[in-house]
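Chain by chain, the residues:
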Amino acid sequence: MIYNTFTVTEVIFKKVIDTIKIPLIVLSPLYENDKISDFKVEYLNPEFKKSVISLNEGQKYSDVREKFSKNVDWFEMCAEAVLTGKMFAETFLSSNGETWFSLEVKATEDKLVVATLTDITAKVRYTESLKLSLVTDALTALPNRVQFYKDINKIIQNAAEKKEKFGIIFFDVDNLKSLNDSKGQQAGDLILIKAARIFKSFDHNNISVYRFGGDEFIIVAKNIEHADSLYTIGDTILEAFNNENIDVSGGISIYPDNTTEREDLIKFSDLAMHEAKKAGKHRVMMFNSEMQKSFLRKVMYKNKMPTSFENGEFELFFQPQFDISSNTLRGFEALLRWDEPELGNISPEDFIPVAEESGFILTLGEWVLNTAFECQRTWEEKYDYHGTMSVNASPVQLMNGDFLEVLERAVKNTGVNPSHVEIEVTEGVLIKDTDNAVAVLNKVKEKGFGISLDDFGTGYSSLRYLQLLPLTTLKIDKSFIQSLTEKNGVSENITNAIISMVTKMGLDTIAEGVEKVDQLLILQELNCKTVQGFLRGKPMSRKTIEEYLSGNKEALVYLKD
Ligand code: C2E
Ligand code: CA
Ligand code: CA
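Residues numbered from 1 in each chain as written. Chains lettered and ligands numbered in written order. Predicted model: local features only at pLDDT ≥ 70, side-chain atom pairs only at ≥ 80, totals over all residues. Heavy atoms only, no water.

Regarding the sheet that holds strand E2 (residues 35–44)
Right, so step 1: What the five strands build is an open sheet, ordered E2-E1-E5-E4-E3; its pairing is antiparallel. On the outer flanks of this sheet lie E2 and strand E3 (88–93), each paired with one strand and no other. Across the sheet, the mean angle separating the axes of adjacent strands is 30° when strand polarity is ignored.
Right, so step 2: Two elements, E3 and strand E4 (residues 100–107), share six bridges in a ladder whose sense is antiparallel. When the bridges of E4 are listed, Leu93 appears paired with Trp100.
Right, so step 3: Those strands touched by helix H4 (residues 74–84) are strand E1 (24–32), E2, E3, E4 and strand E5 (113–119), and its axis lies near 100° from that of E2. (Pairing = 2+ DSSP bridges. Helix = DSSP H or I, 4+ residues; strand = E, 2+ residues; numbered from the N terminus. Axes fitted to C-alpha atoms, helices over the stretch in contact; angles between N-to-C directions. Contact = heavy atoms within 4.5 Å.)

See below:
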């Protein structure tokens, strides 16, 4: 017996194996007709008895099979190990569901099966929590966008099979951005946590809640009978928010009534939510045929734009700006026009947002810069013209990362003097990444360009922006100017305050949308420097402007008061 020749070593090893914290069992195969029919327990260490199964040496596997976890095939693994001489490993959950084991089985040369188990519960739980953290929003503990996409695919499949309806309510917390700006990120986070708690209280049975991103939450209501029940859910949620003094707006889309496509379902609910915001916020609206039409129109614009651009169907118009006191021409604002052969003239207010969304604004915007610069340069050379060219730049262009190179290229192509050009931006440019926007604009100014803040008085109009941005000009929005002549004088007071403050800051002020002599007179009194509006000149074609610049003062098209 070879074992006896190693008695001392064997004793040492037995002690070691009895002491180690790794459960270990040794089994020997029993044969019937040359086939392994069972196993006998030769040895098991105390750790095996304690943390796996309490067995006795000499017992047969077939007699104690019930005690082994059914989540792994012990017999099969041990038999394979004996027959092949290879090691087999398997991960399984203990019968009581509490411990995860990694089981390793290998046969010795004389066909004894040695099985060891490692408790990997902590590792498995950690991996699980990592997986969970990928699908859970850290701030609110709600399932996140990743989880939403996983679920919605199944929900759509299920609804299709059972021919059921389900709805999505896309919610957005109102005014969170301005709260973040005025009270800080932390205050905003607290509102989001509170909002998440309210949404979460609706998460039961057929209703699931997700944090989709930022201040957006999605409610999915499965198996609904009528579209109306979504309004009921929406209204109940709004009421819960009323009690907490938080405003939210929501948009509903329904499968399959509105669409069967996942992305459209989200898009439509998002569109309906934006309509709810436009209609005055803190309400829920359902996606409807009007929204569908406008959606389809935008898709059409998006598809038509590139070929239309290639075909030269975009054109720049120019609107004059006049110095009020001297009545001299200050310069022009370049305004984009799209004359589509089938659709006619499309307003930039309609197509620019679409171009921004599709990214085509980058191509269009670069063309606008080049064309406007080229006009400026040509006019200076041909007509002894000394004005400024104002060019609108979309936030998408500015934040694209290559705006400075695009500008540089346009300067190089056209030979324009940057100090004769003003780049018009809106506060929208500051929304996403204020620091970056300020950095880009500082560089634009360093290159010699003027920078004008457009549409002041709409949007957030934070005075902070006036300090942050390297501005040279401020354009007061036409909505202000047009209410200047209203009786109560509020607009006049505000306009007065804006003009005097901005003038003190050394900036030029341009009043936009001046249509009436009365408005012009008030602006003159308020010491506003420049006017731009239909009263003094509408946006006009290059040809008209060139006629004017060549001496035909009658060429300008304007409103007679
Ligand atoms: P904006 O930059 O505020 O341009 C001024 C708008 O006010 C122009 O509208 C102009 O036609 C209009 N306007 C000027 N005077 C009067 C007036 O007395 N009364 C009224 N009611 N309106 C007046 P337009 O050309 O339709 O452009 C709309 C907007 O589209 C622009 O507003 C600007 O935001 C955008 N846009 C136009 N061209 C471009 C462009 O080349 N690039 C970018 N990114 N945006 C552009
Ligand atoms: Ca503008
Ligand atoms: Ca404007």
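Side note on the pairing of strand E6 (residues 165–173)
The side chains of a regular strand alternate between the sheet's two faces.
Right, so step 1: Of all nine residues making up E6, eight are buried, and the element is well covered by its neighbours.
Right, so step 2: The pairing of E6 with strand E8 (residues 216–224) spans seven bridges and is antiparallel. Counted as the bridge partner of Asp172 is Glu216 from E8.
Right, so step 3: Pairing analysis gives eight bridges linking E6 to strand E9 (residues 248–255), with the strands arranged antiparallel. Pairing of Phe170 across the sheet is with Gly251, part of E9. (Buried < 20%, exposed > 50% of the residue type's maximum accessible area, 1.4 Å probe, protein only.)

Focus: the domain arrangement of the protein chain
Right, so step 1: Domain annotation of the protein chain identifies domain 1 (2–123), domain 2 (136–287) and domain 3 (317–555).
Right, so step 2: Each of domain 1 and domain 2 has a C-alpha centre, and the two are 54 Å apart. (Domains from an automatic or database assignment.)

Regarding the coordination of the calcium ion (ligand 2)
Octahedral metal centres with six donors ideally show angles of 90 or 180 degrees, and tetrahedral centres with four donors ideally show 109.5 degrees.
Right, so step 1: Summarising the metal site, the calcium ion (ligand 2) is bound by the protein donors Glu333 (OE), Asn392 (OD1), Glu424 (OE) and Asp454 (OD), whose distances to it range over 2.1 to 2.3 Å.
Right, so step 2: Between the calcium ion (ligand 2) and the calcium ion (ligand 3), a spacing of 4.1 Å is present, and a bridge between the two is formed by Asp454. With Asn392 in strand E14 (residues 388–392) and Asp454 in strand E16 (residues 450–456), this residue pair connects regions lying 62 residues apart in the sequence.
Right, so step 3: On the basis of relative accessible area, Asp454 is assigned to the buried category, the value being 7%. (Donors = N, O, S within 2.8 Å, 3.2 Å for Na, K, Ca; no water.)

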